[in-house]
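Structural overview for review
Here are the chains, one letter per residue:
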Amino acid sequence: MGRIDESKPFIPVRIAVLTVSDTRRLEDDRSGDVLVERLTADGHQLAGRMILPDERALIAQQLRQWIDDEGVDVILSTGGTGLTGRDVTVEAHRDVYEKEIEAFATVFTMVSMQKIGTSAVQSRATGGVAGGTYLFALPGSPGACKDAWDEILHWQLDFRHRPCNFVEIMPRLDEHLRRK
């Protein structure tokens, strides 16, 4: 299990939140609210927030826009990760990934199993990297967003977390794009 090294400084991360839903609005976006509350309570910065319908091309377009924005380090999407015909968030994420973080889905499933048992098999949560930006697609339920943040992202997005974390390697995520 990891630990927080208090001798290291906390480094706030700029995080954009995208809710994917055909029916939600900001006024009733409970999952988006959970993510915003948790990331800001942890000292991170909300870099943007949006709601889009379950349309693969629109989702991928918004992901690319935030990837190209130097003011966004991480993108969290919620919704559209299930098995129904309108659930296309995972496909949109994979359209833009340069590298997939396969273990994110595995760890999320392990966390979910503790909370919802075998129903965890229905989630297609995913994570990846593109253009030096982390992207995570989370299920659309507030509980799943709490689990993903509290059990995984809270720790991995804290520079002080040991033995390692996502923040410490952020400067190297796009090194393949730089000239040698």
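This write-up is about the structure you can find in this document. Along each chain, residues carry numbers from 1 onward, in the same order as the chain's sequence is written. Owing to the predicted nature of the model, reporting of local features is limited to residues with pLDDT of at least 70; listing and counting of side-chain atom pairs is limited to 80 or more, with chain, interface and lining totals taken over all residues. Heavy atoms throughout the structure, all of them, feed into the side-chain values; hydrogens and water do not.

**Topic: the packing of helix 4 (residues 102-116) against helix 5 (residues 142-156)**
At a minimum axis distance of 10 Å, the contact between helix 4 and helix 5 shows a crossing angle of 120°. Of the two possible hands of crossing, helix 4 and helix 5 adopt the one that is right-handed. Contacts between helix 4 and helix 5 involve Phe104, Val107, Phe108, Val111 and Lys115 from the first element and Ala144, Asp147, Ala148, Glu151, Ile152 and Leu153 from the second. As a working rule, the residues Ala, Val, Leu, Ile, Met, Phe, Trp, Tyr, Cys and Pro are called nonpolar, Asp, Glu, Lys and Arg charged, and the rest polar, with Gly in that last group. Residues belonging to the contact of helix 4 with helix 5 are distributed by class as follows: 8 nonpolar, no polar and 3 charged. Axis lines are fitted through C-alpha atoms, for helices just across the contact stretch, and the angle between N-to-C directions can take any value from 0 to 180 degrees. By definition, any uninterrupted DSSP run of H or I lasting at least four residues is a helix, any uninterrupted run of E lasting at least two residues is a strand, and each is numbered from the N terminus. The hand of a helix crossing depends on one turn: near helix anticlockwise from the far one by less than a right angle means left-handed, and clockwise means right-handed. A contact between two residues is defined here by any heavy atoms of the two lying within 4.5 Å.

**What about unusual backbone geometry?**
Looking along the chain, the bond that leaves arginine 162 and enters proline 163 is cis, with omega of 20°. Structurally, proline 163 can be placed in the loop between strand 8 (161-162) and helix 6 (166-169).

**Some points on the environment of threonine 106**
Residue placement: threonine 106 occurs in helix 4. Relative accessibility decides the category of a residue: with a 1.4 Å probe and only protein chains considered, values under 20% of the type maximum give buried, values over 50% give exposed, and everything between is partly exposed. Overall, threonine 106 belongs to the partly exposed group, its relative accessible area being 46%. Along the sequence, threonine 106 and glutamate 6 sit 100 residues apart, while their C-alpha atoms lie 29 Å from each other.

**Observations regarding the packing of aromatic side chains**
Under the pairing criterion, centres of Phe, Tyr and Trp rings, with the six-membered ring standing for Trp, must be within 6.5 Å; the plane angle then separates stacked pairs below 30 degrees from edge-to-face pairs above 60, leaving the rest tilted. Under the counting rule described, the total for this entry stands at 5 aromatic pairs. On the numbers, 4.8 Å between centres and 50° between planes, the contact of phenylalanine 104 with phenylalanine 136 is tilted. With phenylalanine 104 in helix 4 and phenylalanine 136 in strand 7 (residues 133-138), the pair connects residues that are 32 residues apart, well separated along the chain. Here phenylalanine 104 matches phenylalanine 136 in class, with each residue buried. Ring geometry for tyrosine 134 versus phenylalanine 136: centroids 6.2 Å apart, planes at 20°, classification stacked. A network of ring pairs unites the aromatic residues Phe104, Phe108, Tyr134, Phe136 and Phe166 as a single cluster. We call a charge positioned above a ring when the Lys NZ or Arg CZ atom is no farther than 6 Å from the ring centre and deviates by at most 35 degrees from the ring normal. Residue placement shows arginine 162 over the ring face of phenylalanine 159; its charged tip is 5.6 Å from the ring centre.

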